[in-house]
Each structure stands twice: as C-alpha cells, then as structure tokens.
There are 2 protein chains.
Amino acid sequence: MTKQRAAVSAVLDRVDDFRSAQQLHDELRTGGDSIGLATVYRTLQALSDSGDVDVLRTEDGENLFRRCQRSEHHHHLVCRTCGRTVEIDGPTVEAWAESIGAAHGFVDIEHTIEIFGTCESCATTR
Amino acid sequence: MTKQRAAVSAVLDRVDDFRSAQQLHDELRTGGDSIGLATVYRTLQALSDSGDVDVLRTEDGENLFRRCQRSEHHHHLVCRTCGRTVEIDGPTVEAWAESIGAAHGFVDIEHTIEIFGTCESCATTR
DNA sequence: ACCTTCTTGACACTGATTATCATTTAGCGG
DNA sequence: CCGCTAAATGATAATCAGTGTCAAGAAGGT
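The rules behind each value
- Residues numbered from 1 in each chain as written.
- Chains lettered and ligands numbered in written order.
- Predicted model: local features only at pLDDT ≥ 70, side-chain atom pairs only at ≥ 80, totals over all residues.
- Heavy atoms only, no water.
- Near = heavy atom within 4 Å.
- Polar contact = N/O pair within 3.5 Å; in protein donor to acceptor, adjacent residues only side chain to side chain.
- Helix = DSSP H or I, 4+ residues; strand = E, 2+ residues; numbered from the N terminus.
- Contact = heavy atoms within 4.5 Å.
- Nonpolar A, V, L, I, M, F, W, Y, C, P; charged D, E, K, R; others polar.
- Domains from an automatic or database assignment.
- Buried area = accessible area lost by both parts, 1.4 Å probe.
- Salt bridge = Lys/Arg side-chain N within 4 Å of Asp/Glu carboxyl O.
- UniProt positions renumbered as here; feature names shortened; annotations may be inferred.
- Buried < 20%, exposed > 50% of the residue type's maximum accessible area, 1.4 Å probe, protein only.
- Pairing = 2+ DSSP bridges.
- Axes fitted to C-alpha atoms, helices over the stretch in contact; angles between N-to-C directions.

1. Thoughts on the protein's contact with DNA strand D
Part 1 of the argument: In the vicinity of DNA strand D lie 18 residues, with T2, G36, T39 and R42 of chain A together with N63 of chain B positioned nearest.
Part 2 of the argument: Sugar and phosphate atoms represent 72% of those atoms of DNA strand D found within 4 Å of the protein.
Part 3 of the argument: One nitrogen or oxygen atom from the main chain of S34 of chain A is found 3.0 Å from a phosphate oxygen belonging to DNA strand D.
Part 4 of the argument: In this structure, Y41 of chain B approaches DNA strand D through a side-chain N or O atom, which is 3.0 Å from a phosphate oxygen.
Part 5 of the argument: Listing elements by their share of the surface near DNA strand D, those giving two or more residues are helix 1 (3–14) and helix 3 (37–49) of chain A together with helix 3 (37–49) of chain B.
Part 6 of the argument: Ranked by residues supplied to the surface near DNA strand D, first place goes to helix 3 of chain B with four residues.

Given below as structure tokens:
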C-alpha cells in the first residue's frame, strides 16, 4: 500500500464523523501530506467498495465518508448540526423491508435507511 | 397557472414511474410543447415543495420525479429494472425510527427510506 | 389597451466527481 | 542494491445535473 492510501486511512481514523472528499483532501494537505484530490477520491472509492468506509449522500448531492465500526450491514443516526453519528443495527426494519418487498412480489430486496436528528448537546446549545 | 406548468403536470399524469427532469423535458419537447429546461426544473421543484410529486435520488446523484398518489408521508418500493413503483405506508418503521432517535437523545427525527428490488414480471422475463 | 408583476427560457456558471495521460512509485526478480 | 514493469499518482481538462442571470414575454387587474 502506498503512503497516500495510508495517509487517507490515517485521517479517517482520527475523525469519527462524516467528512467530504474535499475536506479530507484539505486536511491532508494542511497536515503536510502531499496528495492529489483525484487520489483521495480513488482511495475513498476503493475503501467504500471494500466496505471499510460508509458513504452518506447529503441532500445537496455531496458524498460524505466515515470509517465504519462494524462491517456488517447497518444504518446511521446522524446529527444534522454537528455530524455526530451513531451506527444503528435494526433487525426489525430489515425484516420489515424484506416482507414488504415479498408481499408485492419483489425479489432481491435492498434498502437504504438514514435517520437524521439533532443530538442532545446541539439541542441544548441552541 | 401557466401553460408550461400545466404541460409538466400533464406528463406526470401520463406516466407512473420515476422520470428525470431531463427525460420529462425531452418528452415535452417531443410532444410539441415549447418549454425550457430551467422551467421544468423550477416546476418540479415547486411541485415537490408542495408535496405533489415524490423525489427519488438515484445512486449516481440524479433526481427522479413522480406524481404521488398519497400526500401523507410514505416510502417507495421501486423495481430496479423497470422502475415500477409501489407506495408504502409503514407505521412500524416510523415508530422504530422515532424510538431509535429518542433512545440516543436525538430530537426532530427525520428519516429517508427507500426499498429497491426486482418486480415479479422483470424477474421472470430475465 | 396599459401597466405592474410574475414567469419564461437561452445560456453562462457552479461544484462535485470522473477521465486523461504523462510522470512517479511500488514491488519484485536478479 | 539495481533495474524493470505494472500499477498508482496528480495536475488539469472534461462531464453533467442542477442553479443563477437577465432580457423578453405572458398574466391579470384596472
């Protein structure tokens, strides 16, 4: 593995909320790492393909990345103000989605679920 | 109401699966309606704000639109091959999402849920 | 018909992401 | 260590959905 990939991996380890590719690129550059934007994108792509980072799409179409704790299928509860993220494991919904699909004759069911809210500290600060 | 908005509304009535803004624009032009792309976007934006159309984000970041049957909060079961869409009403998940959020001290909970699958006819044709 | 206001539409622009391609590096056999 | 080859990198150009701009056009009341 190249030093660039190691660097990307390292930043992802340092933060625990979702960051955009460009934010990560800035942080790397600021931290003294010499790395191109394209490489950051490529690395994040690879990490997401291998299931090592989670991808979140904001409403304005930007992709945010975050190292994920668990590799199994899971969802996120994200604070819309500070970005704090809790990984959610929801057997209930998994089963629900599956049964809904089956009830309508659909197969190969997949689903996307994201939960947004305002976390406790952001709610009180406001 | 202008004739352009009426035209957009009319196409949306004619189809019942998700279409992109540009697809709708093409169909309007082909159908003889003179309308600008910007107007299509503006109209769709307005319709989605007023809850008259549903918006779906594809994985490559494109917005798809569809006239929705029910105005209340609901989700979609979409065939990934033909685009056939079933509107889903899920009190179970609504409650689930709410309780998950509350359990972690989050307030103002929102969620996005989409279910994808292959519908019966597409599964057999394949 | 007149005036005021909102809408339209051609086109320029944005901003994230991807493609290009020449240069550099990693990893390996010798 | 030394080269060698395939893969990775990075500066920059290209892409593409969507939005802003602004002059010209329609709406609708008087």
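2. Considering the environment of S20 of chain B
Residue and element names in this part refer to chain B.
Part 1 of the argument: Its place among the elements puts S20 in strand 1 (residues 19–20).
Part 2 of the argument: Linking S20 and D52, residues 32 residues apart in sequence, is a C-alpha distance of 16 Å.
Part 3 of the argument: Those residues in contact with S20 that lie beyond four places of it in its chain are E62, N63 and L64.

3. A look at the protein's contact with DNA strand C
Part 1 of the argument: Residues in close proximity to DNA strand C total 17 residues, the closest being Y41 and N63 of chain A together with T2, T39 and R42 of chain B.
Part 2 of the argument: Residue R5 of chain B places a side-chain N or O atom 3.3 Å away from a phosphate oxygen belonging to DNA strand C.
Part 3 of the argument: Elements with a contribution of two residues or more to the surface near DNA strand C: helix 3 of chain A together with helix 1 (3–14) and helix 3 of chain B.
Part 4 of the argument: Residue composition of the surface near DNA strand C, by class: five nonpolar, seven polar and five charged.

4. Things to note about the domain arrangement of chain A
Residues and elements named next belong to chain A.
Part 1 of the argument: Parsing chain A into structural domains produces domain 1 (1–69) and domain 2 (70–125).
Part 2 of the argument: The gap between the C-alpha centroids of domain 1 and domain 2 is 22 Å.
Part 3 of the argument: Each partner contributes residues to the interface: domain 1 has eight residues there, and domain 2 has 11 residues.
Part 4 of the argument: Taking both partners together, domain 1 and domain 2 bury about 720 Å²; carbon and sulfur atoms supply 52% of that area.
Part 5 of the argument: Seen at the junction of domain 1 and domain 2, the total is one salt bridge.
Part 6 of the argument: Residue R66 pairs with E87 through a salt bridge whose shortest N-O separation is 2.9 Å.
Part 7 of the argument: In this structure, the connection of domain 1 to domain 2 is made through four residue pairs in polar contact (both at pLDDT 80 or more).
Part 8 of the argument: At the level of secondary structure, the elements contributing two or more residues to the side of domain 1 that touches domain 2 comprise strand 2 (53–57) and strand 3 (63–67).
Part 9 of the argument: Here the residues of the side of domain 1 that touches domain 2 sort into three nonpolar, one polar and four charged.

5. Quick notes on the UniProt feature "binding site: Zn(2+)" (unreviewed entry) in chain A
Residues and elements named next belong to chain A.
Part 1 of the argument: Taking the UniProt record as the reference, the feature "binding site: Zn(2+)" (unreviewed entry) is found at C79, C82, C119 and C122. Spanning 44 residues, the named residues form one tight spatial group whose C-alpha atoms are at most 8.3 Å apart.
Part 2 of the argument: When you line up the elements, C82 lands in the loop between strand 4 (75–79) and strand 5 (85–88).
Part 3 of the argument: When its relative accessible area of 34% is taken as the criterion, C82 is described as partly exposed.
Part 4 of the argument: Residues within four places of C82 in sequence aside, it is in contact with D17, C119 and C122.
Part 5 of the argument: Tracing the chain through its elements places C122 in helix 5 (residues 120–125).

6. Side note on the sheet that holds strand 2 (residues 53–57) of chain B
All names here are of chain B.
Part 1 of the argument: Overall, antiparallel pairing links the three strands, which are arranged 1-3-2 in an open sheet. Lying at the two open borders of the sheet, with one neighbouring strand each, are strand 1 and strand 2.
Part 2 of the argument: Sheet topology note: the strand 1/strand 3 (residues 63–67) ladder contains two bridges and is antiparallel. Counterpart to R19 in the pairing with strand 3 is F65.
Part 3 of the argument: Here helix 3 sits on the sheet and contacts strand 2 and strand 3; the angle it forms with strand 2, its principal contact strand, is near 110°.

7. A closer look at the UniProt feature "binding site: Fe cation" (unreviewed entry) in chain A
Part 1 of the argument: The positions UniProt marks with the feature "binding site: Fe cation" (unreviewed entry) are H73, E94 and H111 of chain A. These annotated residues cover 39 residues of sequence, and their C-alpha atoms all fall within 10.6 Å of one another, placing them together at a single site.
Part 2 of the argument: Mapped onto the elements of the fold, E94 of chain A is located in helix 4 (residues 91–103).
Part 3 of the argument: Apart from the residues lying within four places of it in its own chain, the contact partners of E94 of chain A are H73, H75 and H111 of chain A.
Part 4 of the argument: As for its placement among the helices and strands, H111 of chain A is situated in strand 6 (residues 107–118).
Part 5 of the argument: Leaving out residues up to four positions away in the same chain, H111 of chain A has contacts with H73, H75, E94 and A97 of chain A together with E114 and I115 of chain B.
Part 6 of the argument: Side chain to side chain, H111 of chain A and H73 of chain A meet in a polar contact 3.1 Å long.

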